[in-house]
Amino acid sequence: MKKVLIGGVGNILLGDDGVGPYVLRLLEAMYEFGPGAETVDLGTPALDLLYRIAGLDLLILIDAVDDGERPGTVTAYRKADLIEHARTVRMDPHSSALSESLLAAELLDNGPQDVVLVGITIGTCDSGCSLSDAVEKAVGAAIRMVLEELDRHRVPYTRRFGVRPDIWWAHDCQPHPA
Amino acid sequence: MAKRITIDPITRIEGHLRIDVEVENNAVSNAWASCTMWRGIEKILRGRDPRDAWLFTQRFCGVCTTVHAMASVRAVEDALKLEVPPNAQYIRNLILIAHALHDHIVHFYQLSALDWVDILQIPKADPAKAASLAESLSPWTRNSRNELKAAQDKVNAVAASGQLGIFTNGYWGHPAMRLSPEVNLLAFSHYVQALEYQRKALQVVGMLGSKTPHIQNLTVGGVANAIDLDSPSALGMDKLEMIRSLLEEVATFVNQVYFVDVCAVAAMYPDWFRVGSGVRNYLAVPDLPLDSKGSNYDLPGGYVLHSQGGPQAFKTASDAVFRESVSEDVAHAYYQGEKALHPWVGETDPEFTGWNGDNKYSWVKAPRFKGEPMQVGPLAQVLVGYTQGHPLTKKYAELAIGKVASIGKVQVTPDMLHSTLGRHAARAIRAAMLAELAQKHWQLLVDNIAKGDLTVQNAPVLPNHEVEGVGTHEAPRGTLSHWVVIKDQKIKNYQAVVPSTWNASPRDRSGARGPYEASLMGTPLARPEEPLEVLRTVHSFDPCMACACHTFDPSGRQIATVKVL
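Residues numbered from 1 in each chain as written. Chains lettered and ligands numbered in written order. Predicted model: local features only at pLDDT ≥ 70, side-chain atom pairs only at ≥ 80, totals over all residues.

Brief notes about the overall build of chain A
Line of reasoning, step 1. Across its full length, chain A holds six helices and seven strands.
Line of reasoning, step 2. Ordered by position in the sequence, the α and β elements of chain A form the string β-α-β-β-α-β-β-α-α-β-α-α-β.
Line of reasoning, step 3. Burial status across chain A gives 52% buried among its 178 residues.
Line of reasoning, step 4. Long-range contacts, defined here as pairs at least 24 residues apart, represent 78% of the contacts in chain A between residues at least 6 apart. (Helix = DSSP H or I, 4+ residues; strand = E, 2+ residues; numbered from the N terminus. Buried ≥ 20, exposed ≤ 12 C-beta atoms within 10 Å, placed from the backbone. Contact = placed C-beta atoms within 7 Å.)

Right, dumping it as structure tokens:
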């Protein structure tokens, strides 16, 4: 059984930056994943990411990217892409948290075997809880890319119906979990 | 002629902390701290149900999720005059303590140790010599020659690969680095172990909060944990025992490793007790309430104004003096507005003009207390406690002072805590206090449950008339306050005055510098093009400015730049 983590990364209060958690919640509602595969809304992680990714066979992150492509473009980035820009001067705990967590995991010899970041090119990141049209339209392509990655690694999942995605922030607030 | 240095992590889309300094005769002669992002996140909260606010506020920042959740429920409870049952107070306190321990450990090892520790000296170290040095400092069992040799091998492997990985672009070999190869090795071995122990602290947050990074167990009026000592699915004895043992492991690491390492680094860089003081006004709020009303606390609060001397205590976490004395000034911040405003009537209307050190230059507002800039954080908390004669604070402050003196044969006085090293020492002192308090609050919780009290929440009732409240928390980075105005059962206004806003504050209209800015004045720089000394002081505050976009930038533009003009 492969150990897999599918994580949505981004700030749900900052427009398109929240696309990672948004896609994650859709995936959770639409699919059931096998034992070994975990889904988590990671928010905007810092080095705490490290213990999430330790010992994984496969890490799939869904994140907003600023890569100069047209808003809504979906691109896969691999481990080498993520750690090639190592840090220089760091001012606070967030800077390069993603690359740094991967590098720290390598240092501890327990980094994930395979890493893919499903990047969705952002439009705007103004404060607000909804996605721009271009990014909302890319959600389907991002989900497909996650599933293809799971297929490639022979990680099972099944489609399910009738579960409402828990995107509480995007609508007028749903009742809180308590 | 002054040289200008800008340290600017051009991060992602929005931005982070930027520091500009002018250097004359190899010392800082002027300084500006600014933040290059606009937040304005609070506006999202207007019109929403106040009972849901905490779910949104814990998304302000990925490092400080729990602290913003906690301050938010406390603000609404304050507005509703709602008491919190003892079980809920203790559970919240344990979460706050565990989160803070994780945060302080990561801050010292992962975020600032490499300002003092030179990785590239490690291959020269003698592991046996390092092990015997370690033995003289601490009873920690993981300082053996073998353990240290393994750590050295890791560094050798990284160095041999030609790719420094996580250690790329440190200021290795900088003349301000002065530890022996053996001490560098010891510190690095603890850097690796710290990754393990910070995780144990986070596990406690996850077990009580049901999830990390975003806890799910809070609710206005208490917590949502079901308590049943016999049930494995609820909060029962099994889980509580596991929590106790994790907290004990973390406490041992704090006492035998973190505390000792900070004292050792301090003893070997004693001149840094004279650098980085800056603003000598301190502010801390009481925290870790011991009863439902919030009339007794385990962490004392209050303020010290340098011009007036002597500490003034806050009786409660929403003390009237605190409520009335906070304002935010925007003379040098990119916002509209003529005069300093109280957070309940605070406005967040942007007016971006571009960086101009003489005029507006930051997205951070300038919070003031009684009109004065205040330093917040562990140093403020320790000094406020120490000057009030708080026994637990005195116990660990004196232990630290004695330890530094015995390692370095240097005379250390409490007055030397007003410094860059003082901020590190205070954080270690606070961590040791929290590690001890963790055991106490665990016992309080277990004893209270054993009495048969299973209550975890008092249900909130929202009035239709207008009410206002403030929720405070003495967070890892210092005093955090959330200010809420509720009308017709909806949020009318919401402002968060976060610790890094106090410390990273720009000048106010009177020209008074904020704590980062003031602390940099006079800092010596061995090589202005490698401003390691500036980073040492800025990092000592534990800045966290990134309540912002987290978009990954594959072009690598998140890399900081250092510009010398």
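Notes on the environment of Trp116 of chain B
Residues and elements named next belong to chain B.
Line of reasoning, step 1. Among the secondary structure elements, Trp116 is positioned in the loop between helix 3 (86–112) and helix 4 (127–137).
Line of reasoning, step 2. On the neighbour-count criterion, Trp116 (25 C-beta atoms within 10 Å) is buried.
Line of reasoning, step 3. Spatially, the C-alpha atom of Trp116 lies 11 Å from that of Trp272, the residues being 156 residues apart in sequence.
Line of reasoning, step 4. With residues near it in sequence (within four places) discarded, Trp116 still touches Leu179, Val265 and Tyr269.

A word on the packing of helix 7 (residues 237–268) of chain B against helix 10 (residues 391–408) of chain B
When two helices pack together, their arrangement is given by the angle between their axes and by how far apart the axes lie.
All names here are of chain B.
Line of reasoning, step 1. Where helix 7 contacts helix 10, the axes come no closer than 8 Å and their chain directions differ by 50 degrees. Classified by the angle their axes make, helix 7 and helix 10 are oblique. Handedness of the crossing formed by helix 7 with helix 10: right-handed. Counted together, Cys263, Ala264, Ala266, Ala267 and Met268 of helix 7 and Ala400, Lys403, Val404, Ile407 and Gly408 of helix 10 form the full contact between these two elements.
Line of reasoning, step 2. Among the residues forming the contact of helix 7 with helix 10, the class breakdown is eight nonpolar, one polar and one charged. (Axes fitted to C-alpha atoms, helices over the stretch in contact; angles between N-to-C directions. Parallel < 35°, antiparallel > 145°, perpendicular 65-115°, else oblique. Left-handed = near helix turned anticlockwise from the far one by under 90°. Nonpolar A, V, L, I, M, F, W, Y, C, P; charged D, E, K, R; others polar.)

Thoughts on the sheet that holds strand 14 (residues 478–487) of chain B
Residues and elements named next belong to chain B.
Line of reasoning, step 1. Here three strands make up an open sheet; going across it, the order is 13-14-15 and the pairing antiparallel. If you trace the sheet from one side to the other, it starts and ends with strand 13 (467–475) and strand 15 (490–497), each paired once. Here the average twist between neighbouring strands, direction ignored, is 15 degrees.
Line of reasoning, step 2. Pairing geometry for strand 13 and strand 14, over nine bridges, is antiparallel. The partner of Thr472 across the bridge, within strand 14, is Ser481. (Pairing = 2+ DSSP bridges.)

Notes on the pairing of strand 13 of chain B
Line of reasoning, step 1. For strand 13 of chain B, the tally of buried residues reaches seven of nine residues, placing the bulk of the element in the interior.
Line of reasoning, step 2. Counting the residues between successive antiparallel strands, the hairpin from strand 13 of chain B to strand 14 of chain B contains two residues.

Concerning the environment of Lys339 of chain B
Residues and elements named next belong to chain B.
Line of reasoning, step 1. Tracing the backbone shows Lys339 in the loop between strand 11 (326–329) and strand 12 (366–369).
Line of reasoning, step 2. For Lys339, a count of 9 C-beta atoms within 10 Å translates into the label exposed.
Line of reasoning, step 3. Considering only alpha carbons, one finds Lys339 and Asp329, ten residues apart in sequence, at a separation of 6.5 Å.

A few points about the nonpolar core
Residues and elements named next belong to chain B.
Line of reasoning, step 1. Formed by 232 residues in total, the largest nonpolar core has its most connected members in Leu94 and Leu101.
Line of reasoning, step 2. Among the elements that line this core, the one with the most residues is helix 7, at 16 residues.
Line of reasoning, step 3. For Leu101, the contacting residues outside a window of four places in its chain are Ala201, Val250, Val254, Ala431, Leu434 and Ala435. (Core = buried A, V, L, I, M, F, W, Y, C linked by C-beta atoms within 7 Å.)

A look at the confidence of the model for chain A
Line of reasoning, step 1. Chain-level statistics for chain A give a pLDDT mean of 86 and a share of 88% at 70 or above.
Line of reasoning, step 2. This stretch, residues 172–178 of chain A, has a pLDDT under 50; its non-local contacts, to residues over four places away or in other chains, come to eleven contacts. (pLDDT = per-residue confidence, 0-100.)

Section: the sheet that holds strand 5 (residues 74–78) of chain A
Strand pairing in a sheet is mediated by backbone hydrogen bonds. Such pairs are either parallel or antiparallel.
Residue and element names in this part refer to chain A.
Line of reasoning, step 1. A sheet is described by the order of its strands in space; here five strands give the open sequence 3-1-4-6-5, paired in mixed fashion. What marks the edges here is a single partner per strand, and that holds for strand 3 (37–43) and strand 5. On average, each strand axis in the sheet is tilted by 20 degrees relative to the strand beside it, whichever way the strands run.
Line of reasoning, step 2. In this sheet, strand 6 (residues 114–121) lies alongside strand 5 in antiparallel orientation, the contact comprising five bridges. Bridge pairing links Arg78 to Val116 in strand 6.
Line of reasoning, step 3. Along the sheet, helix 1 (residues 19–30) contacts strand 1 (4–9), strand 3, strand 4 (58–65) and strand 6; its crossing angle with strand 1, the most-contacted strand, is approximately 135 degrees.
Line of reasoning, step 4. Set on the sheet, helix 6 (residues 139–152) makes contact with strand 1, strand 4, strand 5 and strand 6; between it and strand 6 the angle comes to about 170 degrees.

Regarding helix 1 of chain A
Line of reasoning, step 1. Over its twelve residues, helix 1 of chain A extends 16 Å from the first C-alpha to the last, a length consistent with the 16 Å expected when each residue adds 1.5 Å.
Line of reasoning, step 2. When helix 1 of chain A is considered as a whole, its buried residues turn out to be Val19, Gly20, Pro21, Tyr22, Val23, Leu24, Arg25 and Leu27 of chain A. (Expected span 1.5 Å × (residues − 1).)

Thoughts on helix 4 of chain B
All names here are of chain B.
Line of reasoning, step 1. Taken residue by residue, helix 4 has Pro127, Ala130, Ala131, Ala134 and Leu137 as its buried positions. The arc enclosing the buried residues of helix 4, seen along the axis, measures out at 120 degrees, which places them on a common side. Every exposed residue of helix 4 that faces more than 90 degrees away from the buried side is listed here: Glu135 and Ser136.
Line of reasoning, step 2. In this fold, the buried residues of helix 4 make contact with helix 5 (145–160), helix 6 (181–209) and helix 7. (Arc of directions from axis to C-beta.)

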